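Summary of the model geometry
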Amino acid sequence: MAEALKGRNPVTEGPLTRAALIGLAIVFLLLFLIVPLVLVFAEALRNGVGAYFEALAEPDALSAMRLTITVAVIAVPLNVVFGLAASWAIAKFSFRGKNLLLSLIDLPFSVSPVISGLVWVLLFGSHAALGRWLAENDIQILFAVPGLVLATTFVTFPFVARELIPLMQEQGTTDEEAALSLGASGWQTFWHVTLPNVRWALAYGVLLCTARAIGEFGAVSVVSGHIRGQTNTMPLHVEILYNEYSFVGAFAVASVLALLALVTLGVKAVLEWRYGNQLASSHRH
Amino acid sequence: MRISINHVTKEFGRFAALDDVSLEIGSGQLVALLGPSGSGKTTLLRSIAGLEQPSAGEILFDGEDVSSLSVGERRIGFAFQSYALFRHMTVLNNVSFGLKVRPRRTRPPRAEIRKRATELLELVQLGGLENRFPSQLSGGQRQRVALARALAIEPRVLLLDEPFGALDAKVRKELRRWLRQLHDQLGLTTVFVTHDQEEALELADQVVVMSQGKIEQVGTPVEVYEDPSTAFVSEFLGAVNTFPCTLDDGIAEVLGTEFPVEPLDTEGPQHRHGPAVAYVRTHEIELLSRERQEGVPAIVRAIFPFGGGIRVELAVEGYDMPVQAEVPRAFFESGELRINSGLYVRATNARVFPIDRV
């Protein structure tokens, strides 16, 4: 920096330009990320710590937290299995329709979350044949946990697969061929060779998948039915409380979501710092 | 173990990587599959291993058809060009992997596995590095770990894909000598793929020269070098000059000397007239001083005075492309060789092949 000030440094921008660019980025960051985050906690704690914990201990709030965790606990492992299977198939085998499968995996990213929820309503709603059959047999999917899980799984599907596919493609198939030539079975090869080769990328994918599963609003909102204490996840509960002018309650639940986001950010930073070279797509996120 | 390859063809889509290839590999031999990239040598090696399924033909191990056996069932030791060491396992765990994954009834006890892996690491001169990870080893060490890992399953044949491809020149030569010793010590049938003619000629008992999915010639290193049976082998082996020439009743004139056309191996009419190509190795070009007035006039364009033989680049009268010659050092030191000096050149030997008119 000191040398750059002495004379014009031909390989970089002038100090003024640099200061302006960095300053702009910091102001933007403050305005759009830090201020809202601080506001969430400020609003949540407006009536003191007692009121904050009281709002969190409210039965509907607790139920929303339980439901969110339940949905995430089911949806994330499902996507780990689907994601591993899909990326294994795409990276290690060549078959017709591979590119189509790749585009399909990305579909949830490109489709509006509302549509992602609506497809389940159309499929299982009372005006669909399948929906009527389910209703006759007393199987509840919409406005219940199964619907929430389906919508969340759909929306969060790409996270694990997208993280694994580039890394697995880069690693190729020679490690697997080596294991097979040494007499390992397919399962042993997967368990002892393929999985350890992608473990950190998998952890990274699971982290992003979990964060999204917890925070998902749009798709879940469509299939939830908003039954308080039963089918409201945390983001939905925040909305309801806010609409009822129960600001402390709304921001208290929101602060829990914000805390989870901060933890996610921390773990993500550690993974990127420690195992960045083993995350094929660490530059993308 | 003896390997018989009978009429093996391998097609990738419409491209034939192997085109009706037949080959016998004798027990205990060290065989090189030599050819440029795309010649099918790696596909042949992978077909023997069971990593590729041939489109047609059969592969026999000691007379037994192994076509329906998977790579794991064939009991082969395969060393990959990129080594394919398991990066999250220590050297010892890499070497013992093949024993650890055996089904319980054939798996040796834990202590026995450890003992055998340690012995193998001693064999490949890596004793003491058991607890290192692959990333902490040099290229040559990684290749030896890969060999120890392949040997651990007591394979019937050792298959090596470009075993020295990723190593620098010095390590490559050391490892080459070491592999020859190891082969003589173990007596295991070994097949390796290489695009490096020097490697094939120095290391192998038998050299299989391949081009465009076919075998061009099989023979001892001396046979394929001294007596190449096709134009391709002549051009591929050794440092060689290519001269277009014309056959007249089976005789072609190359640099002022007449040479007969090479006899044909296969049945069919031999072309005794028409266009041909003559292959002359660099050491088969003789430089003569001005006074003798023999051969063809030439001008020295460049001199590379490194090593026992001195490489000289010449512009020869009547030929468009530069001609490379290799002369003894004594000739260079006599002071007769100077850039832009004029002299005469003559071919002492040439292999002439007619250009087939299809």
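Residues numbered from 1 in each chain as written. Chains lettered and ligands numbered in written order. Predicted model: local features only at pLDDT ≥ 70, side-chain atom pairs only at ≥ 80, totals over all residues. Heavy atoms only, no water.

1. What to know about the overall build of chain A
- For chain A, the helix and strand inventory stands at 14 helices and zero strands.
- Seen through its principal axes, chain A has C-alpha atoms that stretch 70 × 60 × 30 Å.
- A buried classification covers 43% of the 285 residues belonging to chain A.
- Sequence separation of 24 or more characterises 71% of the internal contacts of chain A that already satisfy a separation of 6 or more.
- Carbon and sulfur atoms make up 69% of the accessible area of chain A, which totals about 15400 Å².
- Across chain A, the centroid of the 16 positively charged side chains sits 8 Å from that of the 18 negatively charged ones. (Helix = DSSP H or I, 4+ residues; strand = E, 2+ residues; numbered from the N terminus. Buried < 20%, exposed > 50% of the residue type's maximum accessible area, 1.4 Å probe, protein only. Contact = heavy atoms within 4.5 Å. Areas by Shrake-Rupley, 256 points an atom, 1.4 Å probe, with all protein chains shown as cover. Lys, Arg positive; Asp, Glu negative; His and termini not counted. Charge placed at Lys NZ, Arg CZ, Asp CG, Glu CD.)

2. What about the sheet that holds strand β5 (residues 64-65) of chain B?
All names here are of chain B.
- Within the open sheet, the four strands sit side by side as β2-β1-β4-β5. Their pairing is antiparallel. Every interior strand has two partners, whereas the edge strands, β2 (15-25) and β5, have only one.
- Sheet topology places strand β1 (residues 3-12) next to β2; seven bridges connect them, and they run antiparallel. Note that in β2 the partner of Ile3 across the bridge is Ile25.
- Taken strand by strand, helix α1 (residues 41-49) contacts β1, β2 and β4 (56-61), and its axis lies near 65 degrees from that of β2. (Pairing = 2+ DSSP bridges. Axes fitted to C-alpha atoms, helices over the stretch in contact; angles between N-to-C directions.)

3. Some details on the packing of helix α11 (residues 199-215) of chain A against helix α14 (residues 247-275) of chain A
All names here are of chain A.
- Across the interface, α11 lies against α14 with an axial gap of 10 Å and an inter-helix angle of 165 degrees. Compared by their axis directions, α11 and α14 come out roughly antiparallel. The hand of the α11/α14 crossing is left-handed. Here α11 contributes Trp200, Ala203, Tyr204, Leu207, Leu208, Ala211 and Ile214 to the contact with α14, which in turn contributes Leu257, Leu260, Thr264, Val267, Lys268, Leu271, Glu272 and Tyr275.
- The residue inventory of the contact of α11 with α14, partitioned by class, reads 12 nonpolar, one polar and two charged. (Parallel < 35°, antiparallel > 145°, perpendicular 65-115°, else oblique. Left-handed = near helix turned anticlockwise from the far one by under 90°. Nonpolar A, V, L, I, M, F, W, Y, C, P; charged D, E, K, R; others polar.)

4. What to know about the pattern of salt bridges
Residues and elements named next belong to chain B.
- Overall, the coordinates contain 25 salt bridges over all chains when judged by the stated rule.
- For Lys214, the salt bridge goes to Asp19, with nearest N and O atoms at 3.3 Å. Remark: Asp19 occurs in strand β2 and Lys214 occurs in strand β10 (residues 214-219); sequence separation between them is 195 residues.
- Lys214 sits in the partly exposed class, given a relative accessible area of 41%. (Salt bridge = Lys/Arg side-chain N within 4 Å of Asp/Glu carboxyl O.)

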